[in-house]
Amino acid sequence: LLPSNLKHIAIIMDGNGRWAKKHFKPRSFGHKKGSENVKKIIKTCINLELKTLSLFAFSFENWERPKSEVNFIVKLFDNFLDTEAKNFVKQNIILKISGDLSKFPSYIEEKCLKLIEKTSQNTGLTLNIALSYGGRQEILNACKNLCCDFKDSKIKIEDIDFKAINDRLWTSDLEDPDLLIRTSGETRISNFMLWQLAYSEIYFTSVLWPDFNELELKKAIEFYKTRERRFGKV
Ligand code: FPP
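Residues numbered from 1 in each chain as written. Predicted model: local features only at pLDDT ≥ 70, side-chain atom pairs only at ≥ 80, totals over all residues. Heavy atoms only, no water.

## Examining unusual backbone geometry
Link 1 in the chain: For Asn92, which is not glycine, the phi torsion reads 65° and is therefore positive.
Link 2 in the chain: Along the chain, the position of Asn92 falls in the loop between α3 (67-90) and β3 (94-98).
Link 3 in the chain: Within the chain, Asn191 stands out as a residue other than glycine whose phi angle is a positive 65°.
Link 4 in the chain: Residue position: Asn191 is located in the loop between β5 (179-182) and β6 (201-204). (Helix = DSSP H or I, 4+ residues; strand = E, 2+ residues; numbered from the N terminus.)

Structure representation (structure tokens):
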């Protein structure tokens with residue numbers, strides 16, 4: 001089913017809050033449903049033999065939400081790490097996290113690092129979870145690294161190329177996404193993978209994240225198949 005040029009799908013999982021409202025439930029209920037859907041979509045991607053799945057779980061800007069909501073999402077993610085730790089090994093998943101983990105409580109950071117290490121020898125789906133992530137923050141961080149390396153005479157200005165920048169991004173070992181999906185009807189990139197999405201196909205759907213199931217993913221893949229990717233050429 002997957003076309004050979006579709007290796008990396010990135011998803012902005014949006015609409016948990018509106019899903020909850022639609023069902024007369026608190027926002028936290030929507031996030032819970034959303035995190036259950038994360039597990040389902042991961043399974044679907046494994047079955048499709050996708051190489052890489054990137055999920056925007058928590059943005060840098062999300063720290064500005066009410067404390068109770070932030071705490072709830074952090075707890076959900078913590079639960080997710082605990083319950084999925086065994087599954088990731090069984091499912092042959094390679095876990096990556098992109099973002100500024102230092103903003104999380106240190107036990108979360110440690111859990112993440114442990115699980116990244118534990119799954120690093122796996123060979124199946126690469127699951128990249130963007131957490132406390134912002135595309136501009138990532139590029140800024142890469143710039144600072146470059147400046148340090150320049151100051152330490154580790155790199156010359158004439159050697160600064162796209163690869164030198166890419167190597168300093170949080171996603172340095174990933175290929176660029178081929179397809180970006182955003183759910184819930186918003187048609188923005190919202191600071192997600194700004195560098196990496198340069199030539200990605202973009203699919204917007206009004207379906208809210210908790211309702212975005214296997215069928216909806218397949219619709220996005222069908223859309224991708226109709227695209228002719230030229231990368232700026234003719
Ligand atoms: C967007 O919905 C969703 C978030 C900001 C959080 C996403 C979190 C999860 C899916 C669960 C935790 C993640 C993992 C990997 C277990 P929104 O709150 O912006 O919805 P709204 O725009 O309708 O208010």
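Moving on from the model shown.
## Some words on the pattern of salt bridges
Link 1 in the chain: This structure, assessed with the given rule, holds 21 salt bridges.
Link 2 in the chain: Linking Glu69 and Arg65 is a salt bridge whose minimum nitrogen-to-oxygen distance equals 2.8 Å.
Link 3 in the chain: A salt bridge links Asp82 to Lys111; the nearest nitrogen and oxygen atoms lie 3.0 Å apart. One end of the pair, Asp82, is in helix α3; the other, Lys111, is in helix α4 (residues 106-119), and 29 residues separate them in sequence.
Link 4 in the chain: Lys111 sits in the partly exposed class, given a relative accessible area of 27%.
Link 5 in the chain: Beyond isolated ion pairs, a larger network of salt bridges with shared partners links Asp14, Arg18, Arg182, Glu186 and Arg188. (Salt bridge = Lys/Arg side-chain N within 4 Å of Asp/Glu carboxyl O. Buried < 20%, exposed > 50% of the residue type's maximum accessible area, 1.4 Å probe, protein only.)

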